[in-house]
Amino acid sequence: MDFCAETNEVSKRKTACREVLEQPIECDITLPEYFPDVQRVLKCSLTAHIGSVQKTGDRVTADGTGRLSVLYMSDTGKLRCFEQGVPFSRFFENRAVEECECCVRAKTEYVNCRAVSGRRLDIHGSISITFSCYSCDCKKLICGCSGGGVETRSEKTEVCNMLGCSEKGFTVSETFEIGDGKPSIAQIVRSYASAVIEDTKAVSGKILIKGELTVKTLYIAESNDNELQKIEHTMPINQIVEADKADDENINIIKLVISDLTVSAKTDAAGALRLLDAGAEIRAYTETYKNEEMNMVTDAYSVNYEIESKLTPTEIRRLDDNFTDTYLCRGRLDLSGTDTERVIDMSVSGIEYNTSRVKDELLIAGAITVNLLTVNSENEISFFERQFDFEYRRHEEFSGERTEFSPFITVTGSDYVLNSGDTLDARVEVTISAAVFSVSTVNVITDISVDSERPKKPSGAALTVYFAEKGEKIWDIARHYNTTTDKIMSENNLEGMLVTEKCRLLIPRA
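Attention here is on the structure that accompanies the text. (Residues numbered from 1 in each chain as written. Predicted model: local features only at pLDDT ≥ 70, side-chain atom pairs only at ≥ 80, totals over all residues. Heavy atoms only, no water.)

**Things to note about the overall build of the protein**
So, step 1. The secondary structure content of the protein amounts to two helices and 21 strands.
So, step 2. Against the 2.2 N^0.38 benchmark of 24 Å for 510 residues, the protein shows a C-alpha radius of gyration of 32 Å, more extended than a compact globule.
So, step 3. By its C-alpha atoms, the protein is 110 × 55 × 40 Å across when sized along the principal axes.
So, step 4. Looking at the protein as a whole, 45% of its 510 residues are labelled buried.
So, step 5. Summarising the internal contacts of the protein: among those between residues at least 6 apart in sequence, 77% fall at separations of at least 24.
So, step 6. Approximately 25800 Å² of the protein is accessible, and the part contributed by carbon and sulfur atoms is 42%. (Helix = DSSP H or I, 4+ residues; strand = E, 2+ residues; numbered from the N terminus. Rg over C-alpha atoms; globule rule 2.2 N^0.38 Å. Buried < 20%, exposed > 50% of the residue type's maximum accessible area, 1.4 Å probe, protein only. Contact = heavy atoms within 4.5 Å. Areas by Shrake-Rupley, 256 points an atom, 1.4 Å probe, with all protein chains shown as cover.)

Now the structure itself:
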């Protein structure tokens, strides 16, 4: 007996292991002599940065920094900002690490600051470090059989298979002038950066990424101790990253994550602090997929021998959409009781959201937290935190039973309008990118074997008369009588695999 089963593979991204570790931040800080005494703490922030990720055997190690920034009013009524970095190193061990692509993300959970005295700050905080290890989960399935008298029922479907995933890091840096119209820098208060992809090209396992890195810096002007100035500077991104099996014929999904950002003031040729030296560590996470039409065997039997087959529920993914969209989130904030006369600065400190599929729409709903530096009627500077809800909807043509998508949201801009009546209209511009997959479950044969030592007994009659009902499947009739669909259709001059009306069929012996 000569029997052969042909196989194919469906593949998807698999989370092999994930671990979340807590990194406590405990600091008892004495201000340097050149800093004035603390009269009132306005805002204490903790920003988590991952500087490097190293994988050795079954261990992955992440080195990073928790950057503390304390904005305060001094005893002389001046606005000042103190910064200090707290380095950390954490590792995660698992046998799956060696064969996986490992991603590490850090997030600030909380931070509290208390001024023990004018010179001492007591700070407690926590950073969560998430280690995620990804791999391609491949499942073999039967796509065809030949020999052994095996008959198969199959269906063709479009499948989006994952070919590989990777994460690589690179650096973008530049020193630039703040501009003639801006006063010199006394102190940097905060910096924020966003990376946007404009174009990509994939060739032979490498992807050329073109885009922009926008750095926004808020600083205290040297000319006025309580005057804040904003600088926005854009740097080009031209980077080639390695990505397994990436080429222009496949689908390449790319996300840029800024893992570290440093901005420092530098003196120009005249000795004035009028230069900014900015550097960003960027992690490029790539996933490569391929759309292909695949034949899948959903049922099988042999007219000559007994067979054993394994029917397995298998998830089939189709890529419905891969989009990048710009969206303006709007919210009205209540400032009653704050006596706000003027807003110095508004910044976004966090976005929390959930995703769902509602009928024919993708829904992203959540809340945006903004920080406000304000001046009241007595010319006192205060800090407030406010939150407003947002909702983003996108129409989609879904092709499966359920949907999988993990949006990547980047804040690209924000502004505000202070209204009379103690309200503020906030606008936050975000870039939303996501790959949208529809997922269906199909029962397919993943293993089959023919037992040549157990032949079937041939039918005694050359023809059997069968009275078929409308809607019956020729496949089911052939399987029941251990014959082939081709012989039934040929004997009865049938054109389709479905009985269209009640009739008598002649069932030939196999």
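There's more to say after this.
**So, the nonpolar core**
Soluble globular proteins: nonpolar side chains tend toward being buried together.
So, step 1. Leu68, Ile123 and Phe131 are the most contacted members of the largest nonpolar core, which totals 32 residues.
So, step 2. Of all the secondary-structure elements, those providing two or more residues to this core are β1 (4-30), β2 (38-56), β3 (59-74), β4 (79-93), β5 (101-115) and β6 (120-146).
So, step 3. When residues in this core are grouped by element, the largest group, six residues, is from β6. (Core = buried A, V, L, I, M, F, W, Y, C linked by side-chain atoms within 4.5 Å.)

**Thoughts on the pattern of salt bridges**
So, step 1. Going through the model one piece at a time under the given rule, you end up with 27 salt bridges.
So, step 2. Its salt-bridge partner being Glu315, residue Lys12 comes within 3.3 Å of it at the nearest N-O pair. In this pair, Lys12 sits in strand β1 while Glu315 sits in strand β13 (residues 305-334), placing the two residues 303 residues apart along the sequence.
So, step 3. Taking the relative accessible area as the measure of exposure, Lys12 reaches 26% and is therefore partly exposed.
So, step 4. Residue Asp425 pairs with Arg332 through a salt bridge whose shortest N-O separation is 2.7 Å. Of this pair, Asp425 sits in strand β19 (residues 423-455) while Arg332 sits in strand β13, placing them 93 residues apart in sequence. (Salt bridge = Lys/Arg side-chain N within 4 Å of Asp/Glu carboxyl O.)

**A word on the sheet that holds strand β15 (residues 361-376)**
So, step 1. The sheet built from three strands is open, its strands ordered β14-β15-β16 with antiparallel pairing. Each end of this open sheet is capped by a strand with a single partner; those strands are β14 (340-358) and β16 (381-395). On average, each strand axis in the sheet is tilted by 15 degrees relative to the strand beside it, whichever way the strands run.
So, step 2. Of the strand pairs in this sheet, β14 and β15 are connected by 16 bridges, and their pairing is antiparallel. Across the sheet, residue Val348 finds its bridge partner in β15, namely Val370. (Pairing = 2+ DSSP bridges. Axes fitted to C-alpha atoms, helices over the stretch in contact; angles between N-to-C directions.)

**Looking at the sheet that holds strand β9 (residues 206-221)**
So, step 1. In spatial order, the strands read β8-β9-β10; together these three strands make up an open sheet with antiparallel pairing. Each edge of the open sheet carries a strand with a single partner, namely β8 (185-203) and β10 (228-242). In this sheet, neighbouring strand axes are inclined to one another by 15 degrees on average, regardless of whether the strands run parallel or antiparallel.
So, step 2. Pairing analysis gives 16 bridges linking β8 to β9, with the strands arranged antiparallel. Counted as the bridge partner of Ile185 is Ala221 from β9.

**A short note on the pairing of β10**
So, step 1. In this sheet, β10 lies alongside β9 in antiparallel orientation, the contact comprising 15 bridges. Bridged to Gly211 within β10 is Ile237.
So, step 2. In sequence, β9 turns back onto β10 through a hairpin of six residues.

**Some points on the environment of Val417**
So, step 1. Looking at the element boundaries, Val417 is found in strand β18 (residues 408-419).
So, step 2. Here the alpha-carbon distance between Val417 and Gly279, two residues 138 residues apart in the chain, equals 32 Å.
So, step 3. In this structure Val417 touches Thr423, Leu424, Asp425 and Arg427, once residues within four positions along its chain are discounted.

**Here we look at unusual backbone geometry**
So, step 1. Look at Ser204: it is not a glycine, yet its phi comes out positive at around 50 degrees.
So, step 2. A positive phi is found at Asp339, a non-glycine position, where the angle reads about 55 degrees.
So, step 3. By secondary structure assignment, the location of Asp339 is in the loop between β13 and β14.
So, step 4. On the accessibility criterion, Asp339 (37% relative accessible area) is partly exposed.

**Here's the deal with the packing of aromatic side chains**
So, step 1. Applying the stated criterion across every chain yields a total of eight aromatic pairs.
So, step 2. Between Tyr34 and Phe35 the ring centres are 5.2 Å apart and the planes differ by 40 degrees, which places this aromatic pair in the tilted class.
So, step 3. Taking the relative accessible area as the measure of exposure, Tyr34 reaches 69% and is therefore exposed.
So, step 4. Owing to a relative accessible area of 10%, Phe35 belongs among the buried residues under this scheme.
So, step 5. Judged by centre distance (6.1 Å) and plane angle (55 degrees), the ring pair of Tyr134 and Tyr285 falls under tilted. (Phe/Tyr/Trp six-rings, centres within 6.5 Å; stacked < 30°, edge-to-face > 60°.)

**Structural notes on the environment of Gln84**
So, step 1. Tracing the backbone through its elements, the reader meets Gln84 in strand β4.
So, step 2. A sequence separation of 38 residues divides Gln84 from Leu46, and the C-alpha atoms of the two residues are 9.8 Å apart.
So, step 3. In this view, Gln84 contacts Ile29, Gly66, Arg67 and Leu68; residues no more than four positions away in its chain are not counted.

**Description of the side chain of Ser166**
So, step 1. Following the sequence through the fold, Ser166 ends up in strand β7 (residues 150-177).
So, step 2. On the basis of relative accessible area, Ser166 is assigned to the buried category, the value being 5%.
So, step 3. In this structure the side chain of Ser166 is engaged in a polar contact, spanning 3.4 Å, whose partner is the backbone oxygen of Glu242.
So, step 4. One polar contact links Ser166 to Thr286, side chain to side chain, over a distance of 2.8 Å. (Polar contact = N/O pair within 3.5 Å; in protein donor to acceptor, adjacent residues only side chain to side chain.)

**Re a negative patch on the surface**
So, step 1. Side chains of Asp334, Asp339, Glu341, Glu378, Glu380 and Asp422 sit close together on the surface and give a patch of like negative charge.
So, step 2. Its location among the elements puts Asp422 in the loop between β18 and β19.
So, step 3. On the basis of relative accessible area, Asp422 is assigned to the partly exposed category, the value being 36%. (Patch = residues over 30% accessible without salt bridge, like charges linked within 9 Å, V, L, I, M, F, W, Y side chains within 5 Å. Lys, Arg positive; Asp, Glu negative; His and termini not counted. Charge placed at Lys NZ, Arg CZ, Asp CG, Glu CD.)

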